[in-house]
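A look at the structure
Letter by letter, the chains look like this.
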Amino acid sequence: MKRIACLVLFAPILTQSGLAAETPALSPDVFDAIVGDDWSGELTYLNYGEPVKDFTIPAELDVERVEQGLKMAYIYPDEPHQNSTVTARISKDGSKLMGAPVTVNAMQASGAHEIRTEYACEDMGKAAACEMIYLLSSNEVVMRKMVTYEGETEAFRRNVYVFTR
């Protein structure tokens, strides 16, 4: 009886912490809702130089499906020399996105699909852990990069893209 009571009490904690179950595999179908060239919004980023403060610039996003993922073209109307294209592929087993382990793959109550990845990175010349948080729906795309410096516990937002259509 004590074992059952402990299992009932701790099962939600184990499930939420990821100890009880693995993250569900990511499928390329999750990107279907965001394919298109009609996204507009902005990029807000924490400036690397002085002054260290947030800057926001207009941005557009074109999304195209490719094998095992998608190709995203980032367009900056006021800074076209910064335009770039990124191909985001999912590993064959669905455990990684762009080479980074997927830590969250879940549908939110809002209807947005949440994907999180974590990886070792460097920021401002310091070793860090980076977390990418993606919220994807048919009318909004949010991509947020969080950084935690090695030896610290507080994460900060390095940048966030918010697009709507």
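Here we summarise the structure given alongside this text. (Residues numbered from 1 in each chain as written. Predicted model: local features only at pLDDT ≥ 70, side-chain atom pairs only at ≥ 80, totals over all residues. Heavy atoms only, no water.)

A few words now on the nonpolar core. The biggest cluster of nonpolar side chains holds 26 residues, and the ones touching the most others in it are F31, L61, L97, I115, M143 and F163. Contributions of two or more residues to this core are made by strand 1 (36-46), strand 2 (54-66), strand 3 (69-75), strand 8 (126-136), strand 9 (140-149) and strand 10 (156-164). Among the elements that make up this core, the one with the highest residue count is strand 2 (four residues). For L97, the contacting residues outside a window of four places in its chain are L26, F31, A88, R89, I90, V102, I115, T117 and Y134. (Core = buried A, V, L, I, M, F, W, Y, C linked by side-chain atoms within 4.5 Å. Buried < 20%, exposed > 50% of the residue type's maximum accessible area, 1.4 Å probe, protein only. Helix = DSSP H or I, 4+ residues; strand = E, 2+ residues; numbered from the N terminus. Contact = heavy atoms within 4.5 Å.)

The next subject is empty space enclosed by the protein. Summed over all chains, the structure comprises one cavity of 30 Å³ or more. Around the largest cavity sit F31, I34, L70, M72, A88, L97, M98, Y134, L136, V141 and M143, which together line it. For the lining of the largest cavity, the elements supplying multiple residues, two or more each, are strand 3, strand 8 and strand 9. The residue inventory of the lining of the largest cavity, partitioned by class, reads eleven nonpolar, no polar and no charged. (1 Å grid on protein atoms, 1.4 Å probe; cavity = no way out; pocket = protein on both sides within 12 Å on 5 of 7 lines; lining within 4 Å. Points joined across faces, edges and corners; volume = space filled by probe spheres on them. Nonpolar A, V, L, I, M, F, W, Y, C, P; charged D, E, K, R; others polar.)

All right, on to the packing of aromatic side chains then. Taken as a whole, this structure holds four aromatic pairs when the rule is applied. When the ring of Y74 is compared with that of Y161, the centres are 4.9 Å apart and the planes differ by 40 degrees; the resulting orientation is tilted. On the criterion of sequence distance, the pair formed by Y74 in strand 3 and Y161 in strand 10 is long-range, its members being 87 residues apart. Classification of Y74 as buried rests on a relative accessible area of 8%. Summarising the aromatic geometry, the rings of Y149 and F156 are spaced 5.4 Å apart at their centres and angled 45 degrees between planes, so their arrangement reads as tilted. Residue classification places Y149 among the buried residues on the basis of a relative accessible area of 11%. By the ring-pair criterion, three or more aromatic residues cluster together here, those being Y74, Y161 and F163. The aromatic ring of Y149 is capped on one face by K126, whose charged end is 4.5 Å from the ring centroid. Above the face of the Y48 ring, R158 is positioned so that its terminal group lies 3.9 Å from the ring centre. (Phe/Tyr/Trp six-rings, centres within 6.5 Å; stacked < 30°, edge-to-face > 60°. Lys NZ or Arg CZ within 6 Å of the ring centre and 35° of its normal.)

Okay, the sheet that holds strand 8 next. Ordered in space as 4-3-2-1-10-9-8-7-6-5, the ten strands form an open sheet in which the pairing is antiparallel. Each edge of the sheet is formed by a strand with only one pairing partner; in this case those strands are strand 4 (84-89) and strand 5 (96-97). Inspection of the sheet shows strand 5 paired to strand 6 (residues 100-107) by two bridges, in the antiparallel sense. Each bridged residue has a counterpart across the sheet, and for L97 the counterpart in strand 6 is A100. (Pairing = 2+ DSSP bridges.)

Right, let's talk about the environment of A100 for a bit. Position of A100 among the secondary structure elements: in strand 6. C-alpha separation for the pair A100 and I90, spaced ten residues apart in sequence, amounts to 9.3 Å. Leave out the neighbours within four places in its chain, and A100 touches S95, T117, E118 and Y119.

Attention shifts here to the pairing of strand 8. Where strand 7 (residues 113-123) meets strand 8, eleven bridges bridge the pair, whose relative direction is antiparallel. By the bridge assignment for strand 8, C121 is matched with A128. Counting the residues between successive antiparallel strands, the hairpin from strand 7 to strand 8 contains two residues, one of them, M124, with a positive phi of roughly 55 degrees. Of the pairings in the sheet, the one linking strand 8 to strand 9 comprises nine bridges and is antiparallel in character.

We now examine the layout of surface pockets. Of the voids in this model, the largest pocket is the one considered here, and its volume is about 570 Å³. Surrounding the largest pocket, 25 residues form its lining, Y74, M132, K145, N159 and Y161 being those nearest its centre. Only strand 1, strand 3, strand 4, strand 7, strand 8, strand 9 and strand 10 provide two or more residues apiece to the lining of the largest pocket. In the lining of the largest pocket, the residues fall into 17 nonpolar, five polar and three charged.

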